[in-house]
Amino acid sequence: MNILDKLRERDYVEQTIYEDKLIEMLENENVPFYIGIDPTADSLHVGHFVTLMVASYMQKAGHKPIILMGGGTANIGDPSGKTDMRKMMSKEEINHNVDCIKAQVSKFISFEGENAAIIVNNADWLLDLKFVDFMREIGTQFTVSKMLSADCYKNRLETGLTFFEMGYMLMQSYDFLTLYNKYGCKLQIGGNDQWSNIIGGVNLIRKFGHDDSFAFTIKLLTNKEGRKMGKTEKGALWLDKEKTTPYEFYQYWRNIDDKDVRKVLSMLTFLPMEEVNKLTAVEGEELNKAKKIAAFEITKLVHGEEEAKKAEDAANALFSGSGSMENIPSVQADDNIGILDAIILAGFAPSKGQARTLIDQGGITINDEKVTEQNLILSSNNFEKDIILKKGKKSYCKIILK
RNA sequence: GGGCAGAUGGUCGAGUGGUUAAAGGCGGCAGACUGUAAAUCUGUUCUCAUUUGAGUACGAAGGUUCGAAUCCUUCUCUGCCCA
């Protein structure tokens with residue numbers, strides 16, 4: 001089975017271009033390919049996860065990943081955020097982010113060995129561009145009428161399309177061209193929302209007389225309602241364990257909709273498809289098994305086996321009473337802390353007002369007893385040293401009195 | 001450059017001088033039901049204090065008024081039309 005079919009089997013692939021030639025090339029040579037990541041934060045989130053999975057499969061199939069950091073494009077900001085143009089990020093900031101991201105990327109792809117991945121930054125070539133030269137060399141290769149026929153611009157036409165947004169396509173295309181020339185990069189892989197920008201690059205290379213530039217896009221990870229997965233009340237689901245704890249991360253996948261289990265098993269784990277099929281062949285309550293495995297496997301990929309086990313252990317302890325209480329999320333608190341402050345400390349509410357609401361609504365329990373008293377003081381005289389604070393049905397936090 | 005329209009809470013979107021901390025939808029959270037699922041129903045959803053209370057808030061800054069998201073002035077931004 002060729003790699004593209006393999007990716008298709010796992011439902012990663014959305015669109016391809018020049019597919020026959022692409023398959024032929026992938027079968028016959030080791031192809032340098034690139035994925036782009038904007039270093040706008042010091043951690044990746046679930047949105048990047050799928051792309052990294054694909055990159056990983058590609059590397060295992062013998063192809064060389066090039067990770068393109070959008071240090072140049074991150075400078076000016078994302079055109080889709082209309083209201084606030086992103087602040088200029090300093091070089092230090094970007095470098096810091098690149099370092100953090102690299103550590104996360106290494107969990108999926110290898111920077112060693114024969115087809116070791118490399119990281120490049122498009123700031124290296126974009127920031128020094130001369131406008132007129134760029135327009136003459138690259139700008140002449142694009143026709144506005146063609147660009148406007150792309151869906152992504154068509155929609156924007158009514159709400160206001162800036163020149164910058166159109167220029168974004170040129171820059172991304174130029175990235176591909178540069179990587180082609182510098183590293184022999186022949187394939188770009190990206191999210192399907194990037195389709196227009198991606199084929200811009202493919203065609204640009206072809207206009208300069210080469211016929212071996214290719215691309216395919218990856219399906220966005222969405223839930224059954226078509227909404228992007230990985231959104232939580234606290235914002236994005238980060239891959240950094242400081243930002244999203246492994247326990248929270250595990251719980252997110254443990255709680256997904258029945259209808260999405262198959263998708264995450266296939267797209268976010270390396271489990272063989274036969275196993276995925278077997279796991280998801282059942283219905284109803286039985287699917288919980290598949291969810292547990294999905295949660296474990298996905299957490300293991302991102303945080304390592306040890307953290308995944310801890311998260312699983314904590315879940316068992318809290319939900320089925322079988323694991324040890326050792327690994328459940330916990331915070332230290334001063335003795336004689338008020339219940340409201342404890343709730344905030346545990347991260348269950350951002351303000352006392354909301355903590356009160358939670359108590360009023362009967363959503364808070366301590367050691368399985370419902371809390372009704374807002375002025376309750378947690379002191380070591382009345383309680384054990386460790387107190388299990390619970391919000392709602394599935395948020396737990398161990399309060400450790402100092 | 002000229003004309004017109006608009007900017008409201010996490011989001012969408014009502015509201016045109018006073019019971020407006022601002023309808024309704026979505027989203028979030030909690031309760032019931034359940035499988036740590038979905039659907040459904042109920043409650044809740046600015047901050048602080050909590051018996052009544054106070055403070056902020058309707059793009060920004062001023063002003064009119066006993067009283068403004070609502071009226072006036074200037075500014076910023078966005079869209080549409082004409083050039």
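Computed from a predicted structure; not experimentally measured. (Residues numbered from 1 in each chain as written. Chains lettered and ligands numbered in written order. Predicted model: local features only at pLDDT ≥ 70, side-chain atom pairs only at ≥ 80, totals over all residues. Heavy atoms only, no water.)

1. Remarks on the sheet that holds strand β1 (residues 13-17)
Strand-to-strand pairing in sheets goes through backbone hydrogen bonds, with the strands running parallel or antiparallel.
(1) Moving on: Strand order in the open sheet formed by six strands is β1-β6-β5-β2-β3-β4, with mixed pairing between adjacent strands. At either end of the open sheet lies a strand with only one pairing partner, and these are β1 and β4 (118-121). For this sheet, the mean inter-axis angle between neighbouring strands, taken without regard to orientation, is 25 degrees.
(2) Moving on: Sheet topology places strand β3 (residues 64-69) next to β4; four bridges connect them, and they run parallel. The residue of β4 that forms the bridge with L68 is V120.
(3) Moving on: Packing against the sheet, helix α11 (residues 195-207) makes contact with β1, β5 (187-191) and β6 (214-218), and its axis sits at approximately 175 degrees to β6. (Pairing = 2+ DSSP bridges. Helix = DSSP H or I, 4+ residues; strand = E, 2+ residues; numbered from the N terminus. Axes fitted to C-alpha atoms, helices over the stretch in contact; angles between N-to-C directions. Contact = heavy atoms within 4.5 Å.)

2. Some thoughts on α11
(1) Moving on: Look at α11: 18 Å from first C-alpha to last across 13 residues, which is about the 18 Å you get at 1.5 Å a residue.
(2) Moving on: Those residues of α11 not exposed but buried are W195, S196, N197, I198, G200, G201, V202, L204 and I205.
(3) Moving on: Looking one or two residues past α11, G209 carries a phi angle of roughly 95 degrees, positive in sign. (Expected span 1.5 Å × (residues − 1). Buried < 20%, exposed > 50% of the residue type's maximum accessible area, 1.4 Å probe, protein only.)

3. Focus: the pairing of β6
(1) Moving on: For β6, the tally of buried residues reaches five of five residues, placing the bulk of the element in the interior.
(2) Moving on: Relative to β6, β1 is paired through four bridges, and the arrangement is antiparallel. Residue pairing for β6: V13 is matched across the bridge by I218.
(3) Moving on: Pairing geometry for β5 and β6, over five bridges, is parallel. Along β6, the bridge assignment pairs I189 with F216.

4. Structural notes on the pattern of salt bridges
(1) Moving on: Evaluation of the coordinates by the stated rule reveals 13 salt bridges.
(2) Moving on: Notably, a salt bridge pairs K402 with D334, separated by 3.7 Å at the nearest N-O pair. Placement of the pair is K402 in the segment after β15 (395-401) and D334 in the loop between β9 (330-333) and β10 (337-338), with a sequence separation of 68 residues. Neither K402 nor D334 differs from the other in exposure class; each is exposed.
(3) Moving on: In this structure, K352 and D341 form a salt bridge, with 3.9 Å as the shortest nitrogen-oxygen distance. Separated by 11 residues along the polypeptide, K352 in helix α18 (residues 352-360) and D341 in helix α17 (residues 339-345) bring together distant segments of the chain.
(4) Moving on: Among the ionic contacts, a cluster of salt bridges with common partners joins E29, K186 and D212. (Salt bridge = Lys/Arg side-chain N within 4 Å of Asp/Glu carboxyl O.)

5. Some remarks on the environment of L204
(1) Moving on: Here L204 shows up in helix α11.
(2) Moving on: C-alpha separation for the pair L204 and Q141, spaced 63 residues apart in sequence, amounts to 6.9 Å.
(3) Moving on: For L204, the residues in contact, after removing those within four places along its chain, are I138, Q141, F142, S173, Y174 and L177.

6. Quick look at the confidence of the model for chain A
(1) Moving on: Put simply, chain A has an average pLDDT of 87, and 91% of its residues get 70 or more.
(2) Moving on: Taken as a whole, residues 77-87 scores under 50 in pLDDT and shows 16 contacts with residues more than four places along the chain or in a different chain. (pLDDT = per-residue confidence, 0-100.)

7. Re the packing of helix α10 (residues 163-183) against α11
Between two packed helices, both the angle of their axes relative to each other and the distance between the axes serve to describe the pair.
(1) Moving on: Where α10 contacts α11, the axes come no closer than 8 Å and their chain directions differ by 50 degrees. Judged by the inter-axis angle, α10 sits oblique to α11. Between α10 and α11 lies a crossing whose hand is right-handed. Residues Y168, M169, Q172, S173, Y174, F176, L177 and Y180 of α10 form the contact with α11, whose own contacting residues are S196, N197, I198, G200, G201, V202, L204 and I205.
(2) Moving on: Of the residues belonging to the contact of α10 with α11, the class tally is 10 nonpolar, six polar and no charged. (Parallel < 35°, antiparallel > 145°, perpendicular 65-115°, else oblique. Left-handed = near helix turned anticlockwise from the far one by under 90°. Nonpolar A, V, L, I, M, F, W, Y, C, P; charged D, E, K, R; others polar.)

8. What about the nonpolar core?
(1) Moving on: Membership of the largest hydrophobic core comes to 66 residues, with the highest contact counts inside it found for F49, M58, L187, F216 and W253.
(2) Moving on: A total of nine residues in this core trace back to one element, the largest contributor, which is helix α3 (residues 46-60).
(3) Moving on: Counting contributing residues, this core receives three or more from each of domain 1 (3-218) and domain 2 (231-324). (Core = buried A, V, L, I, M, F, W, Y, C linked by side-chain atoms within 4.5 Å. Domains from an automatic or database assignment.)

9. Some words on the domain arrangement of chain A
(1) Moving on: The domains assigned to chain A are domain 1 (3-218), domain 2 (231-324) and domain 3 (330-401).
(2) Moving on: Of the residues lining the interface, 19 residues belong to domain 1; the matching set on domain 2 comes to 20 residues.
(3) Moving on: Contact with domain 2 buries surface across domain 1, with R10, V46 and F49 losing the most and accounting together for 33% of the total.
(4) Moving on: Summed over the shared surface of domain 1 and domain 2, the result is one salt bridge.
(5) Moving on: Across the pair K243 and D42 runs a salt bridge whose closest N-O atoms are separated by 3.0 Å. (Buried area = accessible area lost by both parts, 1.4 Å probe.)

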